Amino acid sequence: MLVRQTVLTEAEGDCVGVERPDGKSPVLLICEHASNRIPIRFGDLGLSEEALSSHIAWDPGALAVAQGISAALDATLIHQRFSRLIYDCNRPPESPGAMPEMSEIYAVPGNQGLSDEEKTARTEAIYIPFHQRIRSIIGERSARGQDSVIMTMHSFTPVYNGKPRLVELGILHDTDDRLANRMLEAAADAPLYRTERNEPYGPTDGVTHTLRLHGLENGLRNVMIEVRNDLIGDKVGQGVVADYLTGLLQKSLEA
Ligand SMILES: [Zn+2]
């Protein structure tokens, strides 16, 4: 008889990390792909160390950049503590990308042919608590009269399916482009990176799930940032990008 195992052990703790919970900035930072940690129960998912340290498991550098912005602005930061290969919190449960069988060039053996029971267990352990926590933090802020402006922080690989990507900084939005437009204007005034709107992904790729859930549904200004990960591979690069994005945000929120 199969015994349903839990996704996370007690020792692995809460799947949601929150930094600066009392941050005074209106900016609320969210990092869904912050970590490549795989819960013990899943071993290595049948993947090599190389694959598990690559962009398929997480967004390298994204958390460090978000932490830099959080420190500079005194902004609350919410991040997922486990790999997107277990559950990708920027995808709804019905999306094939939520628990991907294939990611770019890698098949993920531990995700092949998952039962409905297994999918439900992962959804309940990783996805639901993550978005519930965001919802409750937005609710608490609004109850105490603090605005929330949502920025999700991501990174992307310089070469995807063999094709190099020239864009360095992507400023992404769904149907609410208020904040993205401001940030694009601010970037054009102080160009440092090759910056594009809705690149290397856009809303038609399904990447605006978190923005839709928490920004669009609440009428809150929101934006998704994608940084090419070769620019944020070390502390120096992470610091420069964090400073630059902090400046764009400040300028965008001023008027
Ligand atoms: Zn990402």
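What comes next is a walk through the structure.

Calculation criteria
Every chain's residues receive numbers from 1 upward, in the order its sequence appears when written. With the structure being a predicted model, the display of local features is reserved for residues of pLDDT at least 70 and the display and counting of side-chain atom pairs for 80 or more, all residues being used for whole-chain, interface and lining totals. Calculation of side-chain values draws on the structure's entire complement of heavy atoms; hydrogens and water are dropped beforehand. Excluding water, the donors of a metal are its N, O and S neighbours within 2.8 Å, or within 3.2 Å for Na, K and Ca, and that exclusion means sites may look incomplete. By the criteria applied, helices consist of DSSP H or I runs no shorter than four residues and strands consist of E runs no shorter than two, each listed in order from the N terminus. Burial classes: relative accessible area under 20% of the type maximum marks a residue as buried, over 50% as exposed, and values in between as partly exposed (1.4 Å probe, protein chains only). A helix is expected to reach a length of 1.5 Å times the quantity of its residues less one. We call two residues contacting when some pair of their heavy atoms lies within 4.5 Å. Note on terminology: a nonpolar core comprises buried Ala, Val, Leu, Ile, Met, Phe, Trp, Tyr and Cys residues joined through side-chain atoms within 4.5 Å. Strand pairing is assigned whenever DSSP identifies at least 2 bridges connecting the two strands. A clockwise path from the first strand over the helix to the second, with the strands pointing away from the viewer, defines a right-handed crossover. Between N or O atoms, a polar contact is any pair within 3.5 Å; within protein, one atom must be a potential hydrogen donor and the other a potential acceptor, and residues adjacent in sequence are included only when both atoms are from side chains. All axes here are fitted lines through C-alpha atoms, helices being fitted over the stretch that makes contact, and every angle between N-to-C directions spans 0 to 180 degrees. In this scheme, roughly parallel covers angles under 35 degrees and roughly antiparallel covers those over 145, while 65 to 115 is roughly perpendicular and the rest are oblique. Handedness of a crossing follows from how the near helix is turned relative to the far one, being left-handed for an anticlockwise turn of less than a right angle and right-handed for a clockwise one. Only Asp, Glu, Lys and Arg are considered charged, only Ala, Val, Leu, Ile, Met, Phe, Trp, Tyr, Cys and Pro nonpolar, and every remaining residue, Gly among them, polar. Here a pair means two rings of Phe, Tyr or Trp (six-membered ring of Trp) with centres within 6.5 Å. Their orientation is stacked below 30 degrees between planes, edge-to-face above 60, and tilted elsewhere. A positively charged side chain is recorded as over a ring if its NZ (Lys) or CZ (Arg) lies within 6 Å of the ring centre. The angle to the ring normal must also be within 35 degrees.

## What about the coordination of the zinc ion?
- Only His33 (ND1), Asp59 (OD) and His154 (ND1) from the protein reach the zinc ion as donors, at distances of 2.0 to 2.1 Å.
- Sequence positions of the residues that donate to the zinc ion give the spacing H-x25-D-x94-H. Of the two residues, His33 sits in the loop between β2 (27-31) and α1 (49-53) while Asp59 sits in the loop between α1 and α2 (62-73), which places them 26 residues apart along the sequence. For the pair formed by His33 and Asp59, the shared burial category is buried.

## A closer look at helix α3 (residues 116-143)
- In a regular helix each residue adds 1.5 Å, so 28 residues correspond to 40 Å; α3 covers 38 Å between its end C-alpha atoms and thus fits that length.
- Regarding α3, the residues found buried are Glu118, Ala121, Arg122, Thr123, Ile126, Tyr127, Phe130, His131, Ile134, Ile137, Ile138 and Arg141.
- Where α3 is buried, its residues touch β1 (16-19), β2, β3 (76-80), β6 (149-156) and α5 (209-215).
- Phi for Gly145, located one or two positions after α3, is positive at around 80 degrees.

## With respect to the nonpolar core
- In this structure, Leu45, Leu47, Leu85 and Ile126 are the most contacted members of the largest nonpolar core, which totals 39 residues.
- When residues of this core are traced back to their parent elements, those giving at least two are β2, α1, α3 and α5.
- The element that contributes the greatest number of residues to this core is α3, accounting for 7 residues.
- Apart from the residues lying within four places of it in its own chain, the contact partners of Leu47 are Leu52, Ile56, Leu85, Ala107, Val108 and Pro109.
- If you look at the next biggest cluster of nonpolar residues, it comprises 35 residues, including Ala75, Leu169, Tyr193 and Leu231.

## Notes on the pairing of strand β9 (residues 169-172)
- Where burial is concerned, the two faces of β9 agree: the one with Leu169 and Ile171 and the one with Gly170 and Leu172 are both buried.
- Pairing between β9 and strand β10 (residues 195-197): 3 bridges, direction parallel. Each bridged residue has a counterpart across the sheet, and for Ile171 the counterpart in β10 is Arg197.
- Each parallel crossover has a hand, and the one from β9 via helix α4 (residues 178-189) to β10 is right-handed.
- Relative to strand β11 (residues 222-228), β9 runs antiparallel, the two sharing 4 bridges. Each residue of the ladder has a partner; that of Gly170, found in β11, is Glu226.

## Some words on helix α6 (residues 235-254)
- With 20 residues, α6 extends 28 Å from end C-alpha to end C-alpha; this agrees with the ideal 28 Å at 1.5 Å per step.
- Listed in full, the buried residues belonging to α6 are Gly237, Gln238, Val241, Ala242, Tyr244, Leu245, Thr246, Leu248, Leu249 and Ser252.
- Packed against the buried residues of α6 are β2, α2, β6, β9, α4 and β11.
- Taking the backbone nitrogen of Val236 as reference, a side-chain oxygen 3.2 Å away marks Asp234 as the first, capping residue of α6.

## Focus on the packing of α2 against α6
- Running from N to C, α2 and α6 cross one another at 50 degrees; their axes reach a closest spacing of 8 Å. Of the possible angle classes, the one that applies to α2 and α6 is oblique. Helix-helix and strand crossings are classified by hand; for α2 and α6 the assignment is right-handed. Mapping the contact onto sequence places Ala64, Val65, Gly68, Ile69, Ala72 and Leu73 in α2 and Gln238, Val241, Ala242, Leu245, Thr246, Leu249 and Gln250 in α6.
- In terms of residue class, the contact of α2 with α6 is made up of 9 nonpolar, 4 polar and no charged.

## What to know about the side chain of Gln238
- Counting through the fold element by element, Gln238 comes out in helix α6.
- Look past the residues within four positions of Gln238 in its chain and what remains in contact with it is Gly61, Ala64, Val65, Leu231, Ile232 and Gly233.

## Points about the sheet that holds β11
- One open sheet holds the 7 strands; their spatial order is β1-β3-β2-β6-β11-β9-β10, and the pairing between them is mixed. What marks the edges here is a single partner per strand, and that holds for β1 and β10. Within the sheet, the average angular offset between the axes of one strand and its neighbour, ignoring direction, is 20 degrees.
- The sheet contacts of α6 involve β2, β6, β9 and β11, and relative to β6 the element is tilted by about 150 degrees.

## Points about the packing of aromatic side chains
- Applying the stated rule across the entire model yields 2 aromatic pairs.
- A ring pair is formed by Tyr193 and Tyr244, whose centres lie 5.3 Å apart and whose planes are at 75 degrees; its orientation type is edge-to-face. Of the two residues, Tyr193 is situated in the loop between α4 and β10 and Tyr244 in helix α6; the sequence distance between them amounts to 51 residues.
- Given a relative accessible area of 15%, Tyr193 falls into the buried group.
- The ring centre of Phe82 lies 5.6 Å from the NZ or CZ of Arg37, which sits over that ring.

Honestly, that's just the spatial picture; any functional story needs more than this.
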